[in-house]
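Here are the chains, one letter per residue:
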Amino acid sequence: MKHGKSFLSEKYYSLLLSGTLSTLVVAAMLMTDSVVAGLALGEDAVAAISLVAPVYTLAAFFGGMISIGVPILYSRAMAAFDKEHADRCFGFGLLMAAAVGLVLYLTAAAFGDAYLRFYGSTAAVYEAAKPYFFWYRFTILLLPMNFLLTDIVLADGDEGLSLAANVSQLAANIALSAALAGPFGIAGIGVGSLAGTGLAILISLLHFFRPGSSLRPRIFASREMLREVSRLSIVDAGAYLFLACFTAAMNRFVISAFGPEKLILASVMLFVKEFQLVFDGIGEAITPLMSIYLGEGSYPGAEECWRLADRTALAEGLAATLAVLFLAPLVARIYGIRDGAVFTCAVEGMRLTALGLTALSLLYLLSAYYLILDKITMSFVICALRDLVFAVPLAVGLGRAFGVYGMFAGVALSPALAWLAVCVYVRVRYGRENWPLLLAEKEKLNACAFFEFPAEPEKIVQVRDAVGDFLKARGTDAGTVFRTTLLVEELFMLIREKNAGRRTPHAECSVLIRDDGVQLILKDDGVLYALTDGDGAVDSFARYAVDELIAHMTSQRLYLKTMSYNRSSVLIKKA
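Residues numbered from 1 in each chain as written. Predicted model: local features only at pLDDT ≥ 70, side-chain atom pairs only at ≥ 80, totals over all residues. Heavy atoms only, no water.

### Quick word on the overall build of the protein chain
Line of reasoning, step 1. Scanning the protein chain from terminus to terminus reveals 20 helices and 5 strands.
Line of reasoning, step 2. Taking 25 Å as the expected radius of gyration for a compact globule of 575 residues, we find that the protein chain reaches 26 Å, a close match to that expectation.
Line of reasoning, step 3. Counting only C-alpha atoms and orienting by the principal axes, one finds that the protein chain spans roughly 80 × 50 × 45 Å.
Line of reasoning, step 4. The proportion of buried residues among the 575 residues of the protein chain is 60%. (Helix = DSSP H or I, 4+ residues; strand = E, 2+ residues; numbered from the N terminus. Rg over C-alpha atoms; globule rule 2.2 N^0.38 Å. Buried < 20%, exposed > 50% of the residue type's maximum accessible area, 1.4 Å probe, protein only.)

Below you can see the structure in the form of structure tokens.
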């Protein structure tokens, strides 16, 4: 039951904005660095940043190995109303983020120069890459902690602050890099990236002082949790690993096949490929929501969340394609490409590569969703097919056969082939009815109704009646139907009372038929209030009525502030 904007859609789009910017920052850090380098320093500086790009995305992989899995475990613990375990998950993440950052820094310091020499670039590009890489060592020291804090703040429902941290990081990077590039050259661009990352960490820490925060870390070390976090993180973090491998392979291939002076073509290809990281924001938005709905057994809620995400994936893919098609000549000019033939090749190459972005967007959504279902191997294989297994062989093979344009065409073609392979596999392995959500069997065993509505009296009455019809149609006895519908009405009327004088809150109700009764799970985005807390102050007749009904009609009542909204559950005893 939907009436325009809903609790789920409001929360989803809010999380989407913050999650998209969070994932975009990784790409934007290099995009903006390349843009500033092209405008201020020229083509060799852009090529130098392309050499360092695989190191940064590799560091993002290791950072993501912590920051992605920890919020998932945290959200699952909160879904199970287990706050103590949620605190341990966060404390474990803090400990590991600090350790991983230190190891990354020491490795970069020890082997950085050998890495830069590996490519065999021109002397000018190598000399430009050294000072930039020097400062990037400190950026990757802070990167895992930055990833963890922005993602855990997002998972805790403070998408506004997570958004502010990401925007501030990007803004500081652009402003300082542009200001310092003139007097300090490419080293100034590296300092700008470092300063932006540090600022984002400081802003994320403000969440701990907000009244809506549920984050209370308990420092905790566990091999078992490390394995679980790594298992959950490997898929999304693998996107950075595969992108690092792809970039390194293309850098090397372009230099060996077309000459070191054509390395800028790898840079423009990387510009388009970095667009794909924005698609992971959809996965970040649905992960906490899907984890909760699936954990509750509210499969209609999960399906509605998927519909929102699927439409977003198509829209973002098409928008990214159109943006690159239009911006390609501008990017080539900004990157300082002056040779006419190389300029034309770069523009047409970017436009060819952009044709694969919509399929990439859909693949990102699939891999994120199957990760939530604990289909770890399937998700990891999707990432590998998407970014490496098809892309590199097609780019190299078609590049050797048809030249530069063949290389770009191979990159464009690979996502569509990967999506087709995944679609065929799922339909053959699990059946057509299970594409793509894999929920057909679970839905047959689960009796659940899902309602979204504004907490207004007439809508509450409509939901009450719809709940009664749902229960009667499934053979629930009259006494249980009466108690359930009465409690639905009284609970949501209390929510409305608590928000009097404010905007009407969006509300949501899942009704699940269990062996021992009927479970109601209620959510709303109004004032934070423990709806089912029988020990709370009785400050109105509605509060008194709800307390009495819960005390006499239910065998279980729970409340847990989740993602900064109210979430309550009661189990109505069978007659």
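### Looking at the pattern of salt bridges
Line of reasoning, step 1. Here the structure, examined in full by the defined rule, presents 17 salt bridges.
Line of reasoning, step 2. Across the pair Asp374 and Arg231 runs a salt bridge, and its minimum N-O distance is 3.6 Å. Linking Asp374 in the loop between helix 13 (357–372) and helix 14 (376–389) with Arg231 in helix 8 (residues 223–258), this pair joins segments that are 143 residues apart in sequence.
Line of reasoning, step 3. The class for Asp374 is partly exposed, based on a relative accessible area of 34%.
Line of reasoning, step 4. Bridged by salt links that share partners, the residues Glu296, Glu508, Lys523 and Arg567 form one connected network. (Salt bridge = Lys/Arg side-chain N within 4 Å of Asp/Glu carboxyl O.)

### Overview of empty space enclosed by the protein
A probe matching the size of a water molecule, rolled over the atoms, marks out where space remains unfilled.
Line of reasoning, step 1. What the rule picks out here adds up to 5 cavities of 30 Å³ or more.
Line of reasoning, step 2. In this structure, the largest cavity spans a volume of roughly 280 Å³.
Line of reasoning, step 3. Only helix 1 (7–40), helix 2 (43–67), helix 3 (69–79), helix 5 (123–155), helix 8 and helix 10 (280–296) provide two or more residues apiece to the lining of the largest cavity.
Line of reasoning, step 4. Class assignment for the residues of the lining of the largest cavity results in 10 nonpolar, 8 polar and 4 charged. (1 Å grid on protein atoms, 1.4 Å probe; cavity = no way out; pocket = protein on both sides within 12 Å on 5 of 7 lines; lining within 4 Å. Points joined across faces, edges and corners; volume = space filled by probe spheres on them. Nonpolar A, V, L, I, M, F, W, Y, C, P; charged D, E, K, R; others polar.)

### Focus: the sheet that holds strand 4 (residues 554–559)
Line of reasoning, step 1. Taken in spatial order, the 5 strands line up as 1-2-3-5-4 in an open sheet, and their pairing is antiparallel. The sheet is open, and its two borders are formed by strand 1 (448–454) and strand 4, each paired with just one other strand. The mean inter-strand angle of the sheet, taken between neighbouring strand axes irrespective of direction, is 15°.
Line of reasoning, step 2. Sheet topology places strand 2 (residues 506–514) next to strand 3 (residues 517–524); 8 bridges connect them, and they run antiparallel. Pairing of Val511 across the sheet is with Leu520, part of strand 3.
Line of reasoning, step 3. With respect to the sheet, helix 18 (residues 457–473) is in contact with strand 1, strand 2 and strand 3, its orientation differing from that of strand 1 by roughly 175°. (Pairing = 2+ DSSP bridges. Axes fitted to C-alpha atoms, helices over the stretch in contact; angles between N-to-C directions. Contact = heavy atoms within 4.5 Å.)

### Overview of the pairing of strand 2
Looking along a regular strand, one sees the side chains alternate between the two faces of the sheet.
Line of reasoning, step 1. Taken across its 9 residues, strand 2 has 7 buried, putting it largely inside the fold.
Line of reasoning, step 2. In the sheet, strand 1 pairs with strand 2 via 7 bridges, with the strands oriented antiparallel. Within strand 2, the residue paired with Phe450 across the bridge is Ser510.

### Observations regarding the packing of helix 8 against helix 13
Line of reasoning, step 1. Close contact between helix 8 and helix 13 brings their axes to 10 Å; oriented N to C, the two are set at 170°. In this view, helix 8 runs roughly antiparallel relative to helix 13, as classed from their interaxial angle. Contact residues: Arg231, Leu232, Val235, Asp236 and Ala239 in helix 8; Tyr364, Ser367, Ala368 and Leu371 in helix 13.
Line of reasoning, step 2. A breakdown of the residues in the contact of helix 8 with helix 13 according to their chemical character gives 6 nonpolar, 1 polar and 2 charged. (Parallel < 35°, antiparallel > 145°, perpendicular 65-115°, else oblique.)

### A closer look at the pairing of strand 1
Line of reasoning, step 1. With 7 of its 7 residues buried, strand 1 lies for the most part within the structure.
Line of reasoning, step 2. Every second residue of strand 1 is oriented toward a common face, with Cys448, Phe450, Glu452 and Pro454 on one face and Ala449, Phe451 and Phe453 on the other, all of them buried.

### Topic: the packing of helix 10 against helix 13
Line of reasoning, step 1. With their axes 9 Å apart at the nearest point, helix 10 and helix 13 run at an angle of 30° to one another. With respect to helix 13, the element helix 10 is oriented roughly parallel. In this structure, the crossing between helix 10 and helix 13 has a hand that is right-handed. On helix 13, the residues that touch Asp280, Ile282, Gly283, Ile286, Thr287, Met290, Ser291 and Leu294 of helix 10 are Ser361, Tyr364, Leu365, Ala368, Tyr369 and Ile372.
Line of reasoning, step 2. Residues belonging to the contact of helix 10 with helix 13 are distributed by class as follows: 9 nonpolar, 4 polar and 1 charged. (Left-handed = near helix turned anticlockwise from the far one by under 90°.)

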